[in-house]
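# Working through the structure, step by step
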Amino acid sequence: MADTPSVTAPVILGDEPGSFPHGVLAERHPAIVRQVRDAFPFGPERLRALDALLASCADGVVEPLPADADPTGRDRDRWARWGMDAYAGRSWYDVPWLWAESHFYRRLLDAVGYFGPGAWQGVDPFRPAKLAELDAPETDEELAALDGLDELPTEERTRALLHGSLWGNRADLGFRLSDRGAGTEGAVEALVADDSDALWSLLPAPGTGPAERGPATLCLVADNAGRELVPDLLLVSHLLAEGRVDRAVLHVKPYPYYVSDATPTDVLDALRRLVAAGGAAAAHGERLWTALTDGRVTVRAHPFSCAPLPYADMPDDLRADFAAATVTVLKGDLNYRRLVGDRWWPPTTSFARVTAYFPGPVAALRTLKSDVVTGLDAKTEAALDASGERRWRTSGTHALIQVRS
């Protein structure tokens, strides 16, 4: 399997007790299994499967996908290409952390019968938590705040919606299941890198039309559903309204993944939430609804979106999608790990270098919730290390906007 060019850093594993990756495998994954187990009235067969996965989290090994959970064999073939033959029989803790996490969520879907056949086929095991967040009072407050944005100058409104999308990345249900994410709501918000000016320079200025400068296409690779997806959609709506983009392609996951990652169903839920909210939120929702029906906004759910691999290994058809975009914006921590490679890069490693393979201009909007980070200047790294906040890489209190143009 390929990786980012000129690899000089080791792949992140979960084999070190006390490390953030080890805590995810040993603590967060069992918590997720228990949450799913309690959220549905599963019968004995599904409960046994969940209990077996729970036991496997503690001391198990990577197992091939069971044949009865994938009657067509297509997914087993994909996972064989994605490294299953190399990692089957090894401990969860001794394979790349990105791979182990991804395989856990695929195994969880097997345990609940998501791929069928059976009554639970196609039922999102994370849906109750997603809907609860989407219907939370905090979401009402955030949507009501949109009514005041129209009074701001365009530039300030654009900046506010960009930062809403960026910091919305803290609305991550999987992150909240770990006590490592506690307290982020009141944290001091700090950007460790801010290339927002470079991002705007890639898009046409407001008021210019495609006849003057050619069509502009935004690819937005979404991360979480609910309170993160809503501000992502608001940003797309705003850019369409301002003429900064003529078309947007929203990439989501083809099936439930990483607890709260967005699927096509979650896009519809978020869109309906906007339309029902009234005021400015409803206007955005209606604009997006129309844009979906006339083709200016499209939703894609490529199988590689759930791959346990970096984007350096993306297939040719996905590469062509990104190559055709004016800019591709990748949201969230997982997409960042896949973009730069989930490795122990020195933080001052060039973001442009590790993303040089990407087939077009690319931007990352990410709240830091894992160890990997690139593109920092030495002064920023030193200040963060000296701040006394040991978990600045993983606590969700810091964020970045990085661009390779």
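Residues numbered from 1 in each chain as written. Predicted model: local features only at pLDDT ≥ 70, side-chain atom pairs only at ≥ 80, totals over all residues. Heavy atoms only, no water.

The name recorded for the protein in an unreviewed UniProt entry is Damage-control phosphatase ARMT1 family protein, from Streptomyces violaceolatus. Under the Sequence similarities (unreviewed entry) heading, UniProt states for the protein: "Belongs to the damage-control phosphatase family. Sugar phosphate phosphatase III subfamily." Listed in UniProt under the heading Cofactor (unreviewed entry), the comment for the protein reads: "Mn(2+)". (UniProt positions renumbered as here; feature names shortened; annotations may be inferred.)

### Concerning the overall build of the protein
Secondary structure summary: the protein contains 18 helices and seven strands in total. Relative to a compact globule of 405 residues, whose C-alpha radius of gyration would be 22 Å, the protein shows 21 Å and is just as compact. Its C-alpha atoms put the protein at 60 × 50 × 40 Å along the principal axes. A separation threshold of at least 6 residues defines the contact pool for the protein, and within that pool the share at least 24 residues apart is 79%. Of note, the protein has its 42 positive side-chain charges centred 3 Å away from the centre of its 58 negative side-chain charges. (Helix = DSSP H or I, 4+ residues; strand = E, 2+ residues; numbered from the N terminus. Rg over C-alpha atoms; globule rule 2.2 N^0.38 Å. Contact = heavy atoms within 4.5 Å. Lys, Arg positive; Asp, Glu negative; His and termini not counted. Charge placed at Lys NZ, Arg CZ, Asp CG, Glu CD.)

### Observations concerning the packing of helix α6 (residues 127-134) against helix α13 (residues 264-277)
Geometrically, a packed helix pair is captured by the angle between its two axes and the distance between the axes. For the pair α6 and α13, interaxial distance at closest approach is 11 Å and the crossing angle is 20°. On the basis of their axis angle, the class for α6 and α13 is roughly parallel. When you trace α6 past α13, the crossing you get is right-handed. Contact residues: Arg-127, Lys-130, Leu-131 and Leu-134 in α6; Thr-265, Asp-266, Asp-269, Ala-270 and Arg-273 in α13. Taken together, the residues that form the contact of α6 with α13 break down as three nonpolar, one polar and five charged. (Axes fitted to C-alpha atoms, helices over the stretch in contact; angles between N-to-C directions. Parallel < 35°, antiparallel > 145°, perpendicular 65-115°, else oblique. Left-handed = near helix turned anticlockwise from the far one by under 90°. Nonpolar A, V, L, I, M, F, W, Y, C, P; charged D, E, K, R; others polar.)

### Details of the side chain of Arg-273
The topology assignment puts Arg-273 in helix α13. One polar contact links the side chain of Arg-273 to the main-chain carbonyl oxygen of Leu-134, over a distance of 2.8 Å. Only 2.5 Å separates the side chain of Arg-273 from the side chain of Asp-140, close enough to count as a polar contact. Setting aside its immediate chain neighbours within four residues, Arg-273 contacts Leu-134, Asp-135, Ala-136, Thr-139, Asp-140 and Leu-143. (Polar contact = N/O pair within 3.5 Å; in protein donor to acceptor, adjacent residues only side chain to side chain.)

### Description of the sheet that holds strand β7 (residues 398-404)
Ordered by their spatial adjacency, seven strands build an open sheet running β1-β7-β6-β5-β2-β3-β4, and the pairing between neighbours is mixed. At either margin of the open sheet sits one strand with a lone partner, and together these are β1 (190-194) and β4 (297-300). Sheet twist, expressed as the average angle between the axes of neighbouring strands with direction ignored, equals 15°. Direction of pairing for β1 relative to β7: parallel, over a ladder of four bridges. Bridged to Ala-190 within β7 is His-398. Together, β1, β5 (327-331), β6 (362-367) and β7 form the strand contacts of helix α8 (residues 154-167), whose direction differs from that of β7 by roughly 115°. (Pairing = 2+ DSSP bridges.)

### Comments concerning the confidence of the model for the protein
Taken residue by residue, the protein gives an average pLDDT of 89. The fraction at 70 or more is 91%. Below pLDDT 50 for its whole length, residues 1-5 participates in 21 contacts with residues either more than four positions away or in separate chains. Confidence over residues 171-189 falls short of pLDDT 50; this stretch has 50 contacts with residues more than four positions distant or in other chains. (pLDDT = per-residue confidence, 0-100.)

### Thoughts on helix α16 (residues 332-340)
Judged by how many residues are buried, α16 sits mostly within the fold: nine of nine residues are covered. If you check which residues of α16 are buried, you get Gly-332, Asp-333, Leu-334, Asn-335, Tyr-336, Arg-337, Arg-338, Leu-339 and Val-340. In this structure, the buried side of α16 is in contact with α5 (97-111), β2 (217-221), β5, α17 (351-354), β6 and β7. One or two residues past the end of α16 sits Gly-341, with phi positive at roughly 95°. (Buried < 20%, exposed > 50% of the residue type's maximum accessible area, 1.4 Å probe, protein only.)

### Section: the nonpolar core
If you look at the biggest cluster of nonpolar residues, it comprises 72 residues, and the most contacted ones within it are Phe-104, Leu-108 and Leu-339. Considering every element that reaches this core, the biggest residue donor is α5, with nine residues. For Leu-108, the contacting residues outside a window of four places in its chain are Ile-32, Val-33, Val-36, Leu-50, Leu-53 and Phe-126. In terms of nonpolar packing, the next biggest core, distinct from the first, is built from 45 residues, Leu-146, Leu-288, Val-329 and Ala-363 among them. (Core = buried A, V, L, I, M, F, W, Y, C linked by side-chain atoms within 4.5 Å.)

### A closer look at the pattern of salt bridges
When the charged atoms of two side chains lie near each other, side chains of opposite charge can form a pair. Tallied over the entire structure, the rule returns 22 salt bridges. The partner of Arg-78 in a salt bridge is Asp-75, and the shortest N-O contact between them spans 3.3 Å. Taken together, the positions of Arg-78 and Asp-75, both in helix α3 (residues 74-81) and three residues apart, correspond to about one turn of that helix. With relative accessibility at 22%, the residue Arg-78 sits in the partly exposed group. For Asp-75, a relative accessible area of 4% translates into the label buried. Across the pair Asp-140 and Arg-273 runs a salt bridge, and its minimum N-O distance is 2.5 Å. With Asp-140 in helix α7 (residues 137-144) and Arg-273 in helix α13, the pair connects residues that are 133 residues apart, well separated along the chain. On the accessibility criterion, Asp-140 (41% relative accessible area) is partly exposed. (Salt bridge = Lys/Arg side-chain N within 4 Å of Asp/Glu carboxyl O.)

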